Amino acid sequence: VQLQASGGGLVQVGGSLRLSCAASGRTFSSYAMGWFRQAPGKEREFVAVIGWGGTYYGDSVKGRFTISRDNAKNTVYLQMNSLKPEDTAVYYCAAGTSRTAVTSARAFGSWGQGTQVTVSS
């Protein structure tokens, strides 16, 4: 599956952004979709996943971020509210190898190119 992420940018503390990830090449509804992020000098971090079993979020984004998907448009979204400087990172969307919503990066076989999110204080 091919993934194209978009929607990143520069936003002030407390602001909002919505990331999108368009998928092609497989039956979109047949696999889980996730978002991960990586800040400079840090390891890749799980952000959110949506699939069979529901939605799950990383502890640092719970209550502020919402993942959703539109199977008719082959697109997954990440609505990010109340952004903080520590949310600054490159955000990657990923397609799981199954429908099951899991949080491990090892369960995702396809990755998008990443989109930069910068939160200024």
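Predicted, not measured: the structure shown is a model, and the values here were computed from it. (Residues numbered from 1 in each chain as written. Predicted model: local features only at pLDDT ≥ 70, side-chain atom pairs only at ≥ 80, totals over all residues. Heavy atoms only, no water.)

Colleague: Before we move on, could you go through the state of the cysteines and cite the residues and values that matter?
Modeller: A complete count under the given rule lists 1 disulfide for this structure. What pairs with Cys21 in a disulfide is Cys93, and their sulfur atoms sit 2.1 Å apart. Disulfide Cys21 to Cys93: torsion about the S-S bond roughly 55°, handedness right-handed. Highlighted residues: Cys21 in strand 3 (residues 17-24) and Cys93 in strand 9 (residues 89-96), separated in sequence by 72 residues. A residue is classified by how much of its surface remains accessible, and Cys21, at 0% relative accessible area, is buried. (Disulfide = S-S within 2.5 Å. Helix = DSSP H or I, 4+ residues; strand = E, 2+ residues; numbered from the N terminus. Buried < 20%, exposed > 50% of the residue type's maximum accessible area, 1.4 Å probe, protein only.)

Colleague: I'd like a rundown of the packing of aromatic side chains, residues and numbers included.
Modeller: For the structure on display, the rule yields 5 aromatic pairs. Their ring planes at 70° and their centres at 5.7 Å tell us that Phe36 and Phe46 sit as a pair that is edge-to-face. Of this pair, Phe36 sits in strand 4 (residues 33-38) while Phe46 sits in strand 5 (residues 45-51); the two residues are 10 residues apart in sequence, bridging distant segments of the chain. For the pair formed by Phe36 and Phe46, the shared burial category is buried. (Phe/Tyr/Trp six-rings, centres within 6.5 Å; stacked < 30°, edge-to-face > 60°.)

Colleague: Can you tell me about the nonpolar core, naming the residues and giving the values?
Modeller: Within the largest apolar cluster, 28 residues are counted, with the highest numbers of intra-cluster contacts made by Met33, Trp35, Leu78, Met80 and Tyr91. Taken together, the elements giving at least two residues each to this core come down to strand 1 (2-6), strand 3, strand 4, strand 5, strand 7 (65-70), strand 8 (75-80), strand 9 and strand 11 (115-120). Each residue touching Met33, except ones within four places of it in the same chain, is listed here: Leu3, Cys21, Phe28, Ala48, Val49, Ile50, Ile67, Arg69, Val76, Ala94, Ala95 and Phe108. Among the nonpolar cores identified, the runner-up in size contains 7 residues, and Ala32, Phe46, Ala94 and Phe108 belong to it. (Core = buried A, V, L, I, M, F, W, Y, C linked by side-chain atoms within 4.5 Å. Contact = heavy atoms within 4.5 Å.)

Colleague: I'd like a description of the sheet that holds strand 1, backed by residues and values.
Modeller: Taking strand neighbours across the sheet as the criterion, the 4 strands line up as 1-3-8-7 in an open arrangement whose pairing is antiparallel. Across the chains shown, the open sheet's two edge strands, defined by having one partner strand only, are strand 1 and strand 7. Adjacent strand axes in the sheet meet at a mean angle of 15° when their direction is disregarded. Note: strand 7 against strand 8, 6 bridges, orientation antiparallel. Of the residues in strand 8, the one forming a bridge with Phe65 is Met80. (Pairing = 2+ DSSP bridges. Axes fitted to C-alpha atoms, helices over the stretch in contact; angles between N-to-C directions.)

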